[in-house]
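# Chain and residue survey
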Amino acid sequence: MFATMIRPLFKNKKFLIGISIFLIFLFLGIFGPIFYKVDPMEMSWDREQPPSANHPLGTDTYGRDILAQLLHGIRSSLYIGFLAAIISLIIGTLIGSLSAVKRGFVDDVLTALTNIVLTTPSVLIAILIASYLNVRSLEVVAVILGLFQWPWFARAIRAQLMSVMSREYVYLSIMAGYSDLRLIIEDLLPTIATYAFMSFVLFINGGIMGEAGLSLIGLGPTRGISLGLMLQWAVLMESMRRGMWWWFVPPGIVIVAVTASLMVISTTMDEVFNPRLREE
């Protein structure tokens, strides 16, 4: 059944292009540091060297190998994106599905909470939280980002599940004495599986972009390295003014390519699975 559902995607050229680009960078993030065994924080190399045979992407002001930084940065940024997406998906699914099943007072409270978070300037809240933390690991940054991405998803699946609740098979499950959790897992969640996956892709996108934004203003991870931190260091050392293009261009290209590929994947899935768009 799953193979039948996803088969149309692999007949779509845009989806193949998007997923291929994303998988390339995923492969680089996972296996790149394994094959290119250079410490990205080692400062023993010649400083500010352009790309060469010894350093394919040159070195920075501190004498660190930029290719090693890039490979580790891809891994860290994707890790933050995936973790933030999982957190957002779980929160949004729980709140949206409980609102649809419980209704009444519970629905009112959860809807009010969703609207509050949705209308709150989440970027400013994330900046405030990050600024109060002296130590920010990759996981902490992911949690900060994941806590504020879910409201639009919760509202969307609540609306979808409210219509599903009126179907006969759901009434039969309720009459059979299904608990709310069993009703959600067996009858409701399968109906939003494709939409949830599309949203998960967008959450990854948001996590990667969010980390880059926080890092650029000095509120990214304090340990390790990420694509956003690479850009922050390049900005602080005025690499653009000094013509050190090999420092800021690679991470910029990777961020644009990864986020663009995720947008293409999500848009194509919407075109394939959305009946209205399919008819057009």
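Below: a short report on this structure. (Residues numbered from 1 in each chain as written. Predicted model: local features only at pLDDT ≥ 70, side-chain atom pairs only at ≥ 80, totals over all residues. Heavy atoms only, no water.)

### Considering the overall build of the chain
Just so we agree on the cut-off: Strands are runs of DSSP state E lasting at least 2 residues, helices are runs of H or I lasting at least 4, and numbering of each runs from the N terminus. For each residue, the accessible area found with a 1.4 Å probe, counting protein chains only, is set against the maximum for its type, and the residue is called buried under 20%, exposed over 50%, and partly exposed in between. What makes two residues a contact is simply this: any of their non-hydrogen atoms within 4.5 Å. To measure how exposed things are, a 1.4 Å probe is used in the Shrake-Rupley method; for residues, cover is taken only from the protein chains shown. Charged-residue counts in this description rest on Lys and Arg as positive and Asp and Glu as negative, His and the chain ends being excluded. For the purpose of locating charges, the reference atoms are NZ of Lys, CZ of Arg, CG of Asp and CD of Glu.
The secondary structure content of the chain amounts to 13 helices and 0 strands. Mapped from its N terminus to its C terminus, the chain presents α and β elements in the order α-α-α-α-α-α-α-α-α-α-α-α-α. Projected onto the principal axes, the alpha-carbon positions of the chain cover approximately 75 × 45 × 30 Å. Residues classed as buried in the chain amount to 44% of the 280 residues present. Counting only contacts in the chain whose residues sit at least 6 apart along the sequence, the fraction spanning at least 24 positions is 70%. Per element, the accessible surface of the chain, about 14,600 Å² overall, is 68% carbon and sulfur. Put simply, the chain has 20 plus and 19 minus side-chain charges, and the middle of one group is 3 Å from the middle of the other.

### Examining helix 7 (residues 151-164)
Which entries qualify depends on this criterion: Given a helix with a known number of residues, its expected span is that number minus one, times 1.5 Å.
Over its 14 residues, helix 7 extends 20 Å from the first C-alpha to the last, a length consistent with the 20 Å expected when each residue adds 1.5 Å. Among all positions of helix 7, only P151, F153, A154, A156, I157, L161 and V164 are buried. Residues of helix 7 that are buried in the fold lie against helix 3 (66-102), helix 4 (104-119), helix 8 (168-175), helix 9 (180-188) and helix 10 (193-216).

### With respect to the side chain of D187
The condition is simple: Here, a salt bridge means any Lys or Arg side-chain nitrogen found within 4 Å of an Asp or Glu carboxyl oxygen.
Position of D187 among the secondary structure elements: in helix 9. Buried charge D187 goes without a salt bridge, the closest partner of opposite sign being R182 at 7.6 Å. Every residue in contact with D187, bar those within four places of it in the chain, is listed here: V164, Y169, V170, S173, Y178 and R182.

### What about the packing of aromatic side chains?
Counted only if it meets this: Two rings from Phe, Tyr or Trp (for Trp, the six-membered ring) form a pair when their centres are within 6.5 Å of each other. A pair whose planes differ by under 30 degrees is stacked, one over 60 is edge-to-face, and the rest are tilted.
Under the definition given, this model contains 8 aromatic pairs. Aromatic pair F22 and F82: ring centres 6.3 Å apart, planes at 50°, arrangement tilted. Here F22 is found in helix 2 (residues 13-35), whereas its partner F82 is found in helix 3, with 60 residues between them in sequence. Seen from their ring centres, W245 and W246 are 5.9 Å apart, and the 85° between their planes marks the pair as edge-to-face.

### Describing unusual backbone geometry
You will see that E48, though not glycine, has its phi angle at about 50°, which is positive. Owing to a relative accessible area of 27%, E48 belongs among the partly exposed residues under this scheme. The phi dihedral of E238 falls on the positive side, at around 55°, and the residue is not glycine. Take E238: it is sitting in the loop between helix 11 (227-236) and helix 12 (245-273).

### Notes on the nonpolar core
Condition: Definition of nonpolar core: a set of buried residues of the types Ala, Val, Leu, Ile, Met, Phe, Trp, Tyr and Cys, connected through side-chain atoms within 4.5 Å.
By size, the foremost hydrophobic cluster in this structure holds 54 residues, and its most contacted members are L188 and V258. Elements with a minimum of two residues in this core: helix 2, helix 3, helix 7, helix 9, helix 10, helix 11 and helix 12. When neighbours within four sequence positions are excluded, L188 is seen to be in contact with V101, L161, V164, M165, V170 and L183.

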